[in-house]
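Single-letter residue listing:
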Amino acid sequence: NAFWYLAGDAIGFRRSAAVSPTTGKPYVYYHDHLRYDDGHILEYSQQLERIVAKGFAMWDIVAECEREGSLDQDILEEKPNQIREFCEGTLNNIKESSSVKRIVIANGTTGSKFFVKHFTEWFIDGRLCAASDDMSQRAFKTVMNKQRKANGDIASKEDNGVIEVVCLPGVSPAAAKFTYLEKRAAWEAGCFGPGLKDFEKWQSNKQQSTFDTPEKQQITTPKRERSPARKTPASSPKEPAFRILSSSISKLAQENEWIDLDVSPQELRPSSTLTNGQCFNWMVVETEESPDAINSPRQSAWGTHDAQEWIGPLGDRVLSIKETPTTTLFRVLHGPTEGTKEYLQQYFRLETPLTPLYEEWSKADTRLKKIAAAIPGVRILRQAPLECMFSFICSSNNNIPRITKMLSSFRETYGSFMMDIPISSSAANDDDSLSIFSFPTLDSLANASEDDLRAMGLGYRAKFIIGTRDLLQTSGGEEFLLNLRSNDDCQAVQDELIKFSGIGRKVADCVALFSLDQDDSIPVDIHVQHIASRDYDPTVLAQAKSLTPTIYKRVGDLFRSRFPNRAGWAHSLLFVAELPSFRSVLPLDMVKEMDEWKKHEQEQKAKQKMEKKKEG
């Protein structure tokens, strides 16, 4: 591999004697072209120190994967490293300065494909741009076209905060069409040359205290006037991760006691209802008995089925929800106490008995019967339609932590301050506070601009929020959405919702199911398509090259025909069982079955890749 030889030639050292340990002869590929003699050889640890000291960092695109052999083309089920978080200075929930100028892909077009696969959203958000050289332009042409389509233009490295992405000849011996000298010229032109210049400039300006630091470069979120009584975390270069402790929350609004919702575990389990991705406003409340929690705090409710308490804003209230072995309790921390029980009964849709539904669905599907016994109380919520709609627009091509972060900024900027809650910092176990805001109204969003929303980090979704706001205002506002609850045709509701900017069929069905009482709406994504293929009809996956409108409807109809009574609820129970956080409660035979099917799918993918390669 040529990387360290290339780096040494550019920075001023030599990796090794460039002699094969097997034959004892020099590597012809490198030996005659290296700039530095044996007197400049450094140990590996010294090479690392040298390259980092010059302003370069190295990381794999793929954090983990499944692979037989050593070829990149055999990589399956890969998970990327948190490269975006590192570059934006938010890795591990710690906010810190970042001055990354460019990302260089070390193994050519293969690496570029992996990078685009996992970071398309980063491009579309307008925070990445392709380098101007021909190889980079070819490698990132498709994703830059998507950026242009989403934003009306493409980003430039001259734009504030935009990172340049460079595709260079691969450093692996497999990239044999490039000689060492050609690789060195390309790497010095696209990586080491500009990188060293940027680092020298950064050092020089830093010494003069006039360098445009990352704090200045960062896009700031416009803030509304804060309450004089509001406490905020102490300012520091790093904003530590935090957790919310039950003992601290118990000291708030002590005049309001816990109230019983009078609902059995079979009828409601917040641990499987608030944590499965249908809402984004709840945060987990932890106990001091969680020794590892401070090292890996879990602010979002997502995936916290093992927790027992959650806190969050709901309408004009801030509530705590607590799950006990026999019932569900709630406590009002902010807002009116009167009518809260009835309000939560509507929110959890407790007017619909769940036990008879579980029994009915179990008769139609033996697999669901096993899931029903293992995961009781999974309900569909009745959320505020406006909040649900804007939340799921933000969910497009996104992950739970970033969705939560976006919506928090959205609330803070355009919502109303409600209260502060105490938090525990991971940095020094300091007590601090977190401010809770209500969800914005259409009126509070009236003066919001696309630029404002982009500055908050919403990226290409900003224009969707503005477009949807404008159409809603002319369509009758939130009343228009509320009226859709009385429509008993879920397809007609979907047709109405996809008229709004940034709302496709899946987002429309999420909004319909989770806020508009459309109990037969089936949000279909690749995961739901896999469930349908594995359990009901293999052809919806085997014969489908993509999730077309026809396939989308076919998948939904498979659930609707099997579960004629509230198919969307049944679908959600099946979906919950696929989530990693619920795996431990499932029967072992079911887990084994899921693993075997996953392995089969991976083998099929590998086979298709190989056949495609042979055809090519």
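Residues numbered from 1 in each chain as written. Predicted model: local features only at pLDDT ≥ 70, side-chain atom pairs only at ≥ 80, totals over all residues. Heavy atoms only, no water.

Asks: Hey, could you run me through the overall build of the protein in this one?
Replies: A count of helical and extended segments in the protein gives 26 helices and 13 strands. In the protein, which comprises 616 residues, the proportion classed as buried is 47%. Considering only contacts in the protein between residues 6 or more positions apart, those separated by 24 or more positions represent 70%. Counting every atom, the protein has about 30600 Å² of accessible surface; 50% of that belongs to carbon and sulfur. (Helix = DSSP H or I, 4+ residues; strand = E, 2+ residues; numbered from the N terminus. Buried < 20%, exposed > 50% of the residue type's maximum accessible area, 1.4 Å probe, protein only. Contact = heavy atoms within 4.5 Å. Areas by Shrake-Rupley, 256 points an atom, 1.4 Å probe, with all protein chains shown as cover.)

Asks: Where do I start with the pairing of strand S9 (residues 309-314) in this structure?
Replies: The side chains of a regular strand alternate, first on one face of the sheet and then on the other. Most of S9 sits inside the fold, with six of its six residues counted as buried. Residues Glu-309, Ile-311 and Pro-313 of S9 are buried on one face, and the alternating residues Trp-310, Gly-312 and Leu-314, pointing to the opposite face, are buried as well. Pairing geometry for strand S8 (residues 283-285) and S9, over three bridges, is antiparallel. Along S9, the bridge assignment pairs Val-284 with Trp-310. Alignment of S9 against strand S10 (residues 317-323), held across six bridges, turns out to be antiparallel. For Trp-310, the partnering residue across the bridge sits in S10 and is Ile-321. Hairpin connection of S9 to S10: two residues between the antiparallel strands, including Gly-315 at a positive phi of 65°. (Pairing = 2+ DSSP bridges.)

Asks: What is the right way to read the nonpolar core from this model?
Replies: Side chains of nonpolar character tend, in soluble globular proteins, to be buried together. If you look at the biggest cluster of nonpolar residues, it comprises 80 residues, and the most contacted ones within it are Trp-361, Leu-497 and Phe-559. By size, the runner-up hydrophobic cluster in this structure holds 25 residues, among which are Val-62, Phe-115, Val-116 and Val-162. (Core = buried A, V, L, I, M, F, W, Y, C linked by side-chain atoms within 4.5 Å.)

Asks: Explanation requested: the sheet that holds S9 in the structure shown.
Replies: Each strand in a sheet pairs with another by means of backbone hydrogen bonds, the pair being arranged parallel or else antiparallel. Pairing within the open sheet is antiparallel, and its five strands lie in the order S7-S11-S10-S9-S8. Edge strands, defined here as strands with exactly one partner in the open sheet, are strand S7 (259-260) and S8. In this sheet, strand S11 (residues 328-334) lies alongside S10 in antiparallel orientation, the contact comprising six bridges. Each residue of the ladder has a partner; that of Leu-319, found in S11, is Val-332. Packed on one face of the sheet, helix H12 (residues 340-347) meets S7, S9, S10 and S11 and runs near 70° to S10. (Axes fitted to C-alpha atoms, helices over the stretch in contact; angles between N-to-C directions.)

Asks: I keep staring at the sheet that holds strand S3 (residues 102-105) and nothing clicks. Help me out?
Replies: Strands sit in the order S3-S5-S4 across an open sheet of three strands; the sheet is parallel. Of all the strands in the sheet, just S3 and strand S4 (128-130) have a single pairing partner and so form its edges. Ignoring strand direction, the axes of neighbouring strands in this sheet form an average angle of 25°. Note: S4 against strand S5 (residues 163-167), three bridges, orientation parallel. Within S5, the position partnered with Leu-128 by the bridge is Ile-163.

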